[in-house]
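Observations on the three-dimensional arrangement
This is what each chain is made of:
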Amino acid sequence: MTGKLVAVANMKGGVGKTTSVVMLADALAAGGASVLVIDLDPQASASVCFAGDGILAEMITGGRTLDYYLGLRIVDRDKASLPDFIRDYVSSTTHLGEPLPISLIASGPSLRIVEREIIYALTKRNYSMHAIEGHLWKLFQEDFAPLRDQYDYVLFDCAPGISPMTEVAIRASDLVVVACIADFLSTYGLKAFYETIWGVGSASESMLAPKRPPHVLITRWQNTKQQATTYATLQQSAAAEDARFRLFKTRVPQSAALANALTLEYQTFANKYRDASRDLIGEVITPVVAELREALDGA
Amino acid sequence: MALEIDGLAVLCAIAEAPEAFPAIRSDVTKAAHALVTKQLKAKTLDLAGLRAVREALGPQPLALIVDGLKDAEVKALVTRLDKHHPDLKDGPAVAHRRHLMALAAALDPVAPPAAKPKPAKAPKAKPAAKAAPRIAPEPNKEPAKEPTEEPTEESARQPVAPASVAAVPDPAPAKARPPAGQAAPADALASAAMAARPPRRPRQQE
């Protein structure tokens, strides 16, 4: 099995990264794929969406989260095996009577502290900034990339603001999905994000440029004049000959059903994404997943 | 002269020539969902009716529609179709769905328990006119006991606790999932995970 690594990212917060990760993970798993979600955000939103508060608390106190692993591996230079930190069948959602095959490497609030510890520890060992990046890149290639042999899809829920680990995941993934609201501030943030990761001189000896241009997924879509205008501009730019990004044709609407999907209230995949007014599975999720697969097959 | 369309004939025609109806493609899915859901929620639906729906649609489309029913609707339906099943009332939602699909496939519902021979009724005494308060318990007010009869030939063939209910782990039994409709916790910041601290790493520096 050679699974695909997909990072869902944006420097800006509140644009629907976690919602997109949960939606994609559920949909891919309901379609029969095995999915691993790696939560790179200290807010642990994806972790709590899949595991629930109680199990996440248990994982944190048991030292079974990403921050603990990174502390062991990089700061303390101890042996630790990343697969031991994976929680399988973590989702409470079922499809056709079976739990969705979603696994999780959870994060916790301490990830923010551990990422700082990593910088301190490596600086103390006289690592330059490039050397630190290179060290994280190497760790990623050695420990994270091989997970593609066990899963059809590895989805990274990236932290806003681009932490060092997030940047490595973005650069090393097969595809970067940029969740973005079609409004002024979010698209302004998109420019900054593009320049940081894909812009001229953004790659270095220690870290490569991403394999493909970013794929922008419009989230929280509302059919307002401002969003329609912004979307038209994005469409135009994506269709240009020298386009710097691709645009998903399907837009994810602002929807109560989608907000509800982040709670643990619904048991079945069908119930999570469908309410009286909307069938997100047929209207949104199925076409987004088809576009994602198409983008990856070309990747 | 026809006064109304033949709905079934029109639906068949749409199904046979979908290219003639491109603008309603997603509505067809919604309508199909709604129609089958209504049939499943019909009070008149019995086991034979459920099996007929499965036979007509096939197992997977039926399972997808059952997944789209609310947990409470599935529970109401499965407990109506298998009303004597001992474990259904308390089982998790995933078990209700699985059991419903098993019933639709072939599983027989649990037979009603064999009727207990009723103790001979003592002739009803005339109500004592506002007599002194009763002290002795009434003879038929003994504490209820679990039935201990030998299973009948019929009930022996029925699964007492089908695997679809007894052995199904709730995928999220221990998660802090408030039941639907339950009031939000009093403390909006209450979270076991956010209060949790990781253990100290063996070589962690101060």
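Use the structure listed above.
My aim in this report is to walk through the structure given alongside it, one point at a time. (Residues numbered from 1 in each chain as written. Chains lettered and ligands numbered in written order. Predicted model: local features only at pLDDT ≥ 70, side-chain atom pairs only at ≥ 80, totals over all residues.)

1. Points about the overall build of chain B
A tally of helices and strands in chain B yields 9 helices and 0 strands. The linear arrangement of helices and strands in chain B, starting from the amino end, is α-α-α-α-α-α-α-α-α. Out of the 206 residues belonging to chain B, those deemed buried represent 18%. Across chain B, every contact between residues at least 6 apart in sequence was considered, and the portion connecting residues at least 24 apart equals 70%. (Helix = DSSP H or I, 4+ residues; strand = E, 2+ residues; numbered from the N terminus. Buried ≥ 20, exposed ≤ 12 C-beta atoms within 10 Å, placed from the backbone. Contact = placed C-beta atoms within 7 Å.)

2. Observations regarding the sheet that holds strand 6 (residues 153–157) of chain A
What links the strands of a sheet is backbone hydrogen bonding, and the strands pair in either a parallel or an antiparallel sense. Residue and element names in this part refer to chain A. Across the sheet, which stays open at both edges, the 7 strands sit in the order 5-2-6-1-7-8-9 with parallel pairing between neighbours. Strand pairing shows two members of the sheet lacking a second neighbour, strand 5 (102–105) and strand 9 (246–247), which therefore form its edges. Of the strand pairs in this sheet, strand 2 (residues 35–39) and strand 5 are connected by 4 bridges, and their pairing is parallel. Bridge pairing in strand 5 links V37 to L104. Set on the sheet, helix 7 (residues 184–197) makes contact with strand 7 (175–181) and strand 8 (215–219); between it and strand 7 the angle comes to about 150°. (Pairing = 2+ DSSP bridges. Axes fitted to C-alpha atoms, helices over the stretch in contact; angles between N-to-C directions.)

3. Details of the packing of helix 1 (residues 17–30) of chain A against helix 2 (residues 45–61) of chain A
Helix-helix packing is characterised by the crossing angle of the two axes and by the distance between the axes. Residues and elements named next belong to chain A. At a closest axis distance of 9 Å, the pairing of helix 1 and helix 2 adopts a crossing angle of 40°. You can see that helix 1 and helix 2 cross each other, and the crossing is right-handed. Here T18, V21 and V22 of helix 1 come into contact with helix 2, specifically with S45, A46 and C49. Residue classes in the contact of helix 1 with helix 2 are distributed as 4 nonpolar, 2 polar and no charged. (Left-handed = near helix turned anticlockwise from the far one by under 90°. Nonpolar A, V, L, I, M, F, W, Y, C, P; charged D, E, K, R; others polar.)

4. Brief notes about the interface of chain A and chain B
Interface size, as often reported, equals the accessible area lost upon joining of the parts. The interface is formed by 38 residues belonging to chain A together with 33 residues belonging to chain B. Looking at the side of chain A that touches chain B, the elements with two or more residues in it are helix 2, helix 3 (66–75), strand 3 (94–95), helix 10 (269–272) and helix 11 (280–297) of chain A. A total of 9 residues in the side of chain A that touches chain B trace back to one element, the largest contributor, which is helix 2 of chain A. Of the residues contributing to the side of chain A that touches chain B, the split by class is 14 nonpolar, 16 polar and 8 charged.

5. Topic: the environment of M11(A)
Residues and elements named next belong to chain A. Relative to the assigned elements, M11 resides in the loop between strand 1 (4–9) and helix 1. With 21 C-beta atoms counted inside 10 Å, the residue M11 sits in the buried group. As for M11 and G199, which are separated by 188 residues in sequence, their C-alpha atoms are 14 Å apart. With near-sequence residues (within four places) excluded, M11 lies in contact with P160, G161, I162, G189, A192, F193 and T196.

6. Let's talk about helix 6 (residues 164–172) of chain A
All names here are of chain A. Most of helix 6 sits out of view: 8 of its 9 residues are buried. For helix 6, the full list of buried residues reads M165, T166, E167, V168, A169, I170, R171 and A172. Structurally, helix 6 contributes buried residues whose contacts are with strand 1, helix 4 (111–124), helix 5 (129–144), strand 6, strand 7 and helix 7.

Function-wise, these values are silent; they only describe arrangement.
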